[in-house]
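# Chain and residue survey
One letter stands for each residue in the lines below.
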Amino acid sequence: MTVRSFENTHPKLGDRVYIDPTALVVGDVTIGDDSSIWPMAAIRGDVHSISIGERTSIQDGCVLHVTHAGPYDPEGHDLTIGDDVTIGHKAIIHGCSIANQCLIGMGAVVMDNAVIQSQVILGANSLVPPGRNLESGFLWVGSPARKIRPLTEEELKFFKYSADNYVKLKNRYLAG
């Protein structure tokens, strides 16, 4: 696994975190207990901070990054991802906020200053433009993402199932 510091800031890992040997985690990154970072994911907290909650899964090929503070964006944008979140394969998550119990579909793009409230499903290949706020309890799809319908009871239960499933899988990897 490649976990390394940037300018004397080293990632902080919770208990029982799994990071695949091909993944990269660098700089001001905090990863909560029982979370998993899968093959070829790149998590780069070099110009702002990244916080990933507990029991969260960052799937293969994801890119997580932040926005630096500068003349066009004086404060920049950090990246915050809550607990029990599943980020699908090859998603790009940049300088935004994703609350607890969300599913971000494969290939989705979430841009600066966007907010995804708790219990949201974002469909595969969807685009969340800068500054957009996705309301809790709904399925959002498209480019740009549109609210389609309320989530069903089964979909709401899936958040915990998915988080638990990836905790079990990463435990198998940690066991060797």
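For the structure itself, consult the block above.
In this text, all values refer to a predicted model and were calculated from it rather than measured experimentally.

## Concerning unusual backbone geometry
Across the junction of S143 and P144, the peptide omega takes the value 5°, indicating a cis bond. With respect to the helices and strands, P144 occurs in the loop between β19 (138-141) and β20 (146-150). One non-glycine residue with positive phi stands out, namely R16, at about 60°. Within the fold, R16 resides in the loop between β2 (12-13) and β3 (18-19). The partly exposed category is assigned to R16, whose relative accessible area is 45%. For N113, which is not glycine, the phi torsion reads 65° and is therefore positive. Mapped onto the fold, N113 is located in the loop between β14 (109-110) and β15 (115-116). Exposure remark for N113: the relative accessible area of 46% places this residue in the partly exposed category.

## Details of the packing of aromatic side chains
The final tally for this structure, using the stated rule, is five aromatic pairs. Each ring, one from Y18 and one from W38, has its centre 5.1 Å from the other, and the planes form 50°; the classification is tilted. On the criterion of sequence distance, the pair formed by Y18 in strand β3 and W38 in the loop between β5 (36-37) and β6 (42-52) is long-range, its members being 20 residues apart. Residue Y18 shares its accessibility class with W38, and that shared class is buried. Residue Y18 is classed as buried on the basis of its relative accessible area, which comes to 7%.

## Quick notes on the sheet that holds strand β13 (residues 103-104)
What the eight strands build is an open sheet, ordered β3-β5-β7-β10-β13-β16-β19-β20; its pairing is mixed. Of all strands in the sheet, those bounded by a partner on one side alone are β3 and β20. Of the pairings in the sheet, the one linking β13 to strand β16 (residues 121-122) comprises two bridges and is parallel in character. When the bridges of β16 are listed, I104 appears paired with L122.

Procedures and definitions
Residues numbered from 1 in each chain as written. Predicted model: local features only at pLDDT ≥ 70, side-chain atom pairs only at ≥ 80, totals over all residues. Heavy atoms only, no water. Helix = DSSP H or I, 4+ residues; strand = E, 2+ residues; numbered from the N terminus. Buried < 20%, exposed > 50% of the residue type's maximum accessible area, 1.4 Å probe, protein only. Phe/Tyr/Trp six-rings, centres within 6.5 Å; stacked < 30°, edge-to-face > 60°. Pairing = 2+ DSSP bridges.

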